[in-house]
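Structure at a glance
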Amino acid sequence: MLKTAIEAAREAGRVIAERYPSERRFSLKGFRDLVSDADTAAEARIIELIARRFPDHAILSEEGGGVAAGAGEYTWVVDPLDGTTNYVHRLPVFAVSIGVLEHGRPLLGVIYDPLRDHTFVAHRGGGARLNNEPIQVSAVPHLNEALLGFDWGHSDEMRTKVAGCAARMLTHCGGLRVMGSACLALAYVAAGWLDGYFQAGLKPWDTAAGVLLVSEAGGCCSTLRGEAYQVSEPGCLTSNGAIHDPCLEIVKGTLA
């Protein structure tokens with residue numbers, strides 16, 4: 001399964017990278033929510049490969065409408081292009097995310113950034129790797145030294161709440177960065193390039209691979225209320241662990 005996930009992610013990455021310099025064709029599937037021809041083409045390539053090799057496994061994909069096709073012990077959770085708005089505007093921050101759940105728990109995850117040829121891989125109990133080299137979360141001990149990522153969400157109500165949280169966080173942390181790709185932000189926490197990340201409007205395909213990367217790299221993942229994170233939860237806080245409690249205190253008071 002891991003070999004297939006890596007192969008599928010890299011195949012999809014080639015599809016979106018090849019189309020990246022070309023004229024964009026996209027549409028709105030929801031409020032401030034874009035889908036491009038690259039999303040659908042990459043997703044088709046991923047699903048074809050998974051379905052051919054694992055016909056009994058369920059597949060939950062973003063552009064498939066968010067409804068799992070099939071049922072069973074294993075569910076593949078697919079985002080063929082996380083960061084479509086960035087992609088459409090030619091901002092080079094986007095990635096492919098493929099996770100596999102075993103009875104609802106993350107078993108393996110692959111996140112592939114095709115422009116940088118970064119392949120992030122995690123397997124439950126097997127650690128996290130970038131291009132086959134081990135990675136781990138940062139050792140930053142205090143929130144006032146930490147660099148955090150976050151994203152706005154789509155609705156006006158959500159953005160107003162996130163703005164309030166960001167304003168509070170700014171006075172306590174070292175810096176904030178809006179990412180535009182949740183899966184890539186989670187991979188960056190796992191690699192130690194970000195010290196934490198929070199979002200209130202996530203879907204399973206945003207987190208299925210990334211939260212496993214963070215936990216296998218030694219980090220911490222929770223809901224915005226501080227509970228153990230499940231991929232069905234819309235709100236997630238991840239960190240290197242050391243700064244988790246002070247981050248949680250802020251997001252609980254503004255987003256939870």
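Further up the page is the structure itself.
The present account deals with the structure reproduced in this document. (Residues numbered from 1 in each chain as written. Predicted model: local features only at pLDDT ≥ 70, side-chain atom pairs only at ≥ 80, totals over all residues. Heavy atoms only, no water.)

Moving on: the packing of helix α1 (residues 2–19) against helix α2 (residues 37–53). Contact pair α1 / α2: the axes reach a minimum separation of 9 Å and the direction vectors enclose 155°. Judged by the inter-axis angle, α1 sits roughly antiparallel to α2. By crossing handedness, the relation of α1 to α2 is classed as right-handed. Residues Thr4, Glu7, Ala8, Glu11, Ala12, Val15, Ile16 and Arg19 of α1 pack against Asp37, Ala38, Ala41, Ala42, Arg45, Ile46, Leu49 and Arg53 of α2. (Axes fitted to C-alpha atoms, helices over the stretch in contact; angles between N-to-C directions. Helix = DSSP H or I, 4+ residues; strand = E, 2+ residues; numbered from the N terminus. Parallel < 35°, antiparallel > 145°, perpendicular 65-115°, else oblique. Left-handed = near helix turned anticlockwise from the far one by under 90°. Contact = heavy atoms within 4.5 Å.)

Attention now moves to the sheet that holds strand β14 (residues 236–239). Read from one edge of the open sheet, five strands run β11-β10-β12-β14-β13, paired in mixed fashion. Looking at the sheet topology across the chains shown, the edges are occupied by β11 (175–178) and β13 (220–222). On average, each strand axis in the sheet is tilted by 15° relative to the strand beside it, whichever way the strands run. In terms of strand pairing, β13 meets β14 through three bridges, oriented antiparallel. Bridging from a neighbouring strand, Cys220 pairs with Ser239 of β14. Running at roughly 155° to β14, helix α8 (residues 244–254) makes contact with β10 (147–150), β12 (196–199), β13 and β14 of the sheet. (Pairing = 2+ DSSP bridges.)

Turning next to the layout of surface pockets. Its volume calculated, the second largest pocket comes out at about 290 Å³. Every residue lining the second largest pocket is counted, 13 residues in all, and those nearest its centre are Arg105, Pro106, Val211, Ser215 and Tyr229. Those elements that provide at least two residues to the lining of the second largest pocket are β6 (105–113) and α7 (210–216). By residue number, the principal contributor to the lining of the second largest pocket is α7, which donates four residues. Broken down by class, the residue content of the lining of the second largest pocket amounts to seven nonpolar, three polar and three charged. (1 Å grid on protein atoms, 1.4 Å probe; cavity = no way out; pocket = protein on both sides within 12 Å on 5 of 7 lines; lining within 4 Å. Points joined across faces, edges and corners; volume = space filled by probe spheres on them. Nonpolar A, V, L, I, M, F, W, Y, C, P; charged D, E, K, R; others polar.)

With that settled, consider the pairing of β12. Residues Gly196 and Phe198 line one face of β12 and the alternating positions Tyr197 and Gln199 line the opposite face, and both faces are buried. When β10 meets β12, the two strands line up parallel, connected through three bridges. Residue pairing for β12: Gly149 is matched across the bridge by Tyr197. (Buried < 20%, exposed > 50% of the residue type's maximum accessible area, 1.4 Å probe, protein only.)

To continue, consider the pairing of strand β4 (residues 74–82). Across the nine residues of β4, nine count as buried, placing the element largely inside the fold. Note that strand β3 (residues 58–61) and β4 share four bridges and pair parallel. What sits directly across from Ala58, in β4, is Thr75. Both β4 and strand β5 (residues 95–102) contribute to a ladder of seven bridges, which runs antiparallel. Bridge pairing links Val77 to Gly99 in β5.

Turning our eyes to something else, we now look at the nonpolar core. The biggest cluster of nonpolar side chains holds 38 residues, and the ones touching the most others in it are Ile111, Phe120 and Leu213. Mapped onto this core, the elements with two or more residues apiece are β5, β7 (118–123), β8 (128–130), α5 (182–191) and α7. Examining the composition of this core, we find that 10 residues originate from one element, α5, more than from any other. Ignoring any residue separated from it by four or fewer positions in sequence, one finds Leu213 in contact with Ile111, Phe120, Val121, Ala122, Ala128, Ala187 and Ala190. Among the nonpolar cores identified, the runner-up in size contains 28 residues, and Ala8, Ala42, Leu81 and Val110 belong to it. (Core = buried A, V, L, I, M, F, W, Y, C linked by side-chain atoms within 4.5 Å.)

The next point concerns the packing of aromatic side chains. Applying the stated criterion to the full structure yields nine aromatic pairs. Ring geometry for Phe120 against Trp193: centres 6.0 Å apart, planes inclined by 75°, an arrangement best described as edge-to-face. Linking Phe120 in strand β7 with Trp193 in the loop between α5 and β12, this pair joins segments that are 73 residues apart in sequence. Residue Phe120 is classed as buried on the basis of its relative accessible area, which comes to 0%. (Phe/Tyr/Trp six-rings, centres within 6.5 Å; stacked < 30°, edge-to-face > 60°.)

Attention now goes to the side chain of Ser222. Tracing the backbone shows Ser222 in strand β13. In this structure, Ser222 is in contact with Glu227, Tyr229, Gly235, Cys236, Leu237, His244 and Leu248, ignoring residues within four places of it in sequence.

The analysis is restricted to geometry; functional conclusions fall outside its scope.
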